[in-house]
Amino acid sequence: MTQTIAPRVRTLVLLLLAAACALLAGAGPASAHAALTGSDPRQGAVVDKAPAQVSLTFSESVSMDDDSLRVLDPKGTRVDDGSPSGTGGTTYSVKLHAGLPDGTYTVTYQVVSADSHPVAGAYTFSVGAPSETSVSVSAQAAGGGFVGGLYGVGRYVSYAAFVVLVGGAAFVLACWPRGSGVRAVQRLVVSGWLALTAATLLLLLLRGSYTGSGKLADVFDLSLLGEVLQTKSGAALVSRLLLLAAAALFIAVLFGAYDKREDEERRDLTFGLAVGGSVVAAGLAATWAMSEHASVGLQAGLAMPVDVVHLIAVATWLGGLTALLVALYRAPAQTPVPAFAVRRFSRIAFGSVVALVVTGAYQSWRQLGSWTAFTDTRYGQLLLVKIGLVAVLVGVAYFSRRWTAQLAEAVPSLAGQREREHVAASGGRKNDEAKVTRKTGGTEKPEATGQTGVAEKTKAAAKTGVTEKTGVSEKTEAAGKAGAAGKAGAAGKAGAAGKTKAPGKASGTGKGSGGSQRAAQLARQRAAVDAARQKRQRDADPHRFGLRRSVLAEAGVAVVLLVATTVLTQTEPGRTEEDAKAAGAASAASAAPTTGAVTLDMPFDTGGQNGKGVVRVELDPARVGANDLHLYVERPDGTAFDIPEVKLALTQKAKDIGPLPVAPDHITTGHWSASGVQIPMAGDWEVAVTVRTSDIDQVTLTKNAQIG
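Residues numbered from 1 in each chain as written. Predicted model: local features only at pLDDT ≥ 70, side-chain atom pairs only at ≥ 80, totals over all residues. Heavy atoms only, no water.

Draft legend 1. Geometry of the nonpolar core. In terms of nonpolar packing, the biggest core is built from 67 residues, with Phe162, Trp176 and Leu254 touching the most fellow members. Among the elements of the structure, α2 (145–174), α3 (183–211), α5 (232–254), α7 (263–289), α8 (300–330), α9 (339–368), α11 (378–443) and α16 (542–569) are those that each provide at least two residues to this core. For Trp176, the contacting residues outside a window of four places in its chain are Phe171, Val182, Val185, Ala327, Ala331, Thr335, Pro336, Val337, Pro338 and Ala341. By size, the runner-up hydrophobic cluster in this structure holds 28 residues, among which are Val677, Ile679, Val689 and Val691. (Core = buried A, V, L, I, M, F, W, Y, C linked by side-chain atoms within 4.5 Å. Buried < 20%, exposed > 50% of the residue type's maximum accessible area, 1.4 Å probe, protein only. Helix = DSSP H or I, 4+ residues; strand = E, 2+ residues; numbered from the N terminus. Contact = heavy atoms within 4.5 Å.)

Draft legend 2. Quick peek at the sheet that holds strand β15 (residues 665–668). Taken in spatial order, the five strands line up as β10-β11-β12-β16-β15 in an open sheet, and their pairing is antiparallel. Strand pairing shows two members of the sheet lacking a second neighbour, β10 (598–605) and β15, which therefore form its edges. Across this sheet, the average inter-strand angle for adjacent strands is 25°, counted without regard to direction. Both β10 and strand β11 (residues 612–620) contribute to a ladder of eight bridges, which runs antiparallel. Counted as the bridge partner of Met602 is Val615 from β11. (Pairing = 2+ DSSP bridges. Axes fitted to C-alpha atoms, helices over the stretch in contact; angles between N-to-C directions.)

Draft legend 3. Representation of a nonpolar patch on the surface within the structure. Side chains of Phe271, Val275 and Val279 sit close together on the surface and give an oily, nonpolar patch of about 320 Å² of accessible area. Tracing the backbone through its elements, the reader meets Val279 in helix α7. (Patch = residues over 30% accessible without salt bridge, like charges linked within 9 Å, V, L, I, M, F, W, Y side chains within 5 Å. Areas by Shrake-Rupley, 256 points an atom, 1.4 Å probe, with all protein chains shown as cover. Salt bridge = Lys/Arg side-chain N within 4 Å of Asp/Glu carboxyl O.)

Draft legend 4. Quick peek at the packing of aromatic side chains. Enumeration according to the criterion identifies nine aromatic pairs in this entry. Taken together, a centroid distance of 5.9 Å and an interplanar angle of 75° make the contact between Phe171 and Phe345 edge-to-face. Residue Phe171 is found in helix α2, and its partner Phe345 is found in helix α9; the two are separated by 174 residues along the sequence. On the basis of relative accessible area, Phe171 is assigned to the buried category, the value being 2%. Consider the rings of Tyr362 and Trp365, whose centres lie 6.0 Å apart with planes at 40°: the pair is tilted. Here the residue Tyr362 and the residue Trp365 both occupy positions in helix α9, the gap between them amounting to three residues, near one helical turn. Ring pairs connect the aromatic residues Phe58, Tyr92 and Tyr109, which therefore count as one cluster. Stacked on the ring of Trp288, the Lys or Arg Arg240 has its end atom at 3.9 Å from the ring centre. (Phe/Tyr/Trp six-rings, centres within 6.5 Å; stacked < 30°, edge-to-face > 60°. Lys NZ or Arg CZ within 6 Å of the ring centre and 35° of its normal.)

Draft legend 5. How the structure looks around the packing of α3 against α5. It is at 10 Å that the axes of α3 and α5 come closest, and there the two elements cross at 160°. Here α3 is positioned roughly antiparallel relative to α5, judged by the angle of their axes. Between α3 and α5 lies a crossing whose hand is left-handed. Contacts from Val189, Val190, Trp193, Leu196, Thr197, Thr200, Leu201, Leu203, Leu204 and Arg207 of α3 reach α5 at Ser233, Gly234, Leu237, Val238, Arg240, Leu241, Leu244, Ala247, Ala248 and Ile251. The class makeup of the residues in the contact of α3 with α5 is 14 nonpolar, four polar and two charged. (Parallel < 35°, antiparallel > 145°, perpendicular 65-115°, else oblique. Left-handed = near helix turned anticlockwise from the far one by under 90°. Nonpolar A, V, L, I, M, F, W, Y, C, P; charged D, E, K, R; others polar.)

As structure tokens, this is what we get:
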């Protein structure tokens, strides 16, 4: 059984860990959870007169500082005046200097959304006409770089540590009270507390740089740390540290006074620990619920307590599963995990799954808003992955429940067998002790031959230390030898005995010490043999073996599930993403010109006969993509006439695109046309028309057109 199941389980766990690494690798910086839904002036707009202010509208409320919203002229100089301010709802504005010259201006913003994630971006608008600008408008990375990576690691560690801390403690209290004395379980829970405390301190130090400059040097800026403490996220992290201090007291009682109590005394203490631990766990979960997704958006007052229940259910299930796995693999052979503890955890895990399904369904509806968001948004796609992992985990848990039932049925017979083996082992130990006694007693020599009486020799034998280690039989032998020594003394050999007293005493002490060490060594060997035998018996149990393997597979799936959940918390909710897309489409639609066509009139004079006239170019709808082009040539009096050749080319110098030649077809007198003229991008395009009126007379005319 071991040879067939173990490799498969190991392969499954390795595959699941690889999937977790893939999710971690694909998780970039935290996605913006507040999206820019509107602006005035709008992106890419060309206005006739410089505006007095620039306004931005987001999908949710954001926090700003003095440098959060900046406006730069073509040379990169700031032209905003004063600090940004809210104008109502989710719209924020900053005033501009008066009398701004014509040109292209860049608007940059870096804010923090209400659910604690940084948001950054940039766009341009023009006054009068577009111009060249030295400011780059590439998308700014919010929360990226080395500091962003460290902050992401801190988030993953904090979630995992919370699960281990809460779930491990709950497993001990609710399922296996004797587990409070198991060193492996103690190390697991304490490690969870240490990791959560360290991760919280790291997040608190990195928070200012993470939402601001992104520089590692700002991590230890005390003024920046003071600003962080005044924010909602900073208050949540400080509250988490205070609650962890209370959790430390809880752990000390759980693995200290609670472990030393008898079973009856534990019941009263269990109730107090359960109440206190539940309060601390709920408080820790609330530090996430009150500062992230649940705290903003639709039905925030209901969403926050639902999120607390969701987090505690996750920790109880997955953290308890981790504690069970550690206990099955690392618990001493003398205190194996009993079947009733596994059954209790199975029932608690089932209740946790029910709570997860109910709260998860509500959260999905709140964050997605529509069925199409499951497939059209990244949040929905990750949520589908999470749902699939939960289904797999529940399926594996079903097999664990079957192994648990079989283990419960097999426990009575195994207990009887172990009791018989224990009795047999005890008999063997008694025989060994008797052998050691005879061996030690046979080599013992009398302490003094000049003293008389059985009682005195017995006292002398006790000084050697052998009697204390080997039992009553040694006393009898020592007494007999003492009597013989007394007879020898009565025969008049007192002088010789006096000479040999000190050597005899030293010899007895040395041999007694050697016998004591030998007995202690044998006792340690017997204890090691007993422990190894019990471990072999435990591992040879097919039901316990199957349970260990299925729980290991559950733990592997749980790791991937926890990674997917953490990535979800850093992803823009589907409802917000769809709202941003709708707002962008509406803005683009409102920005489109009503007529759609662009008309350019360009007079020409080639200097020869019939060399004067006007060229009219019409481009419809003057947008990115396919366009219809019409070109008309007229005399100064307005009558149409033909010329030998006319050519046209389009160029966008700002992006170094073109010239793109266009060869129109002659339709009728003075009329040329071309359909499907492709314009690759919006912006200010130069239209160049070459007019040839004879074999040697020609001229090239240029004029700019705004393509939207």
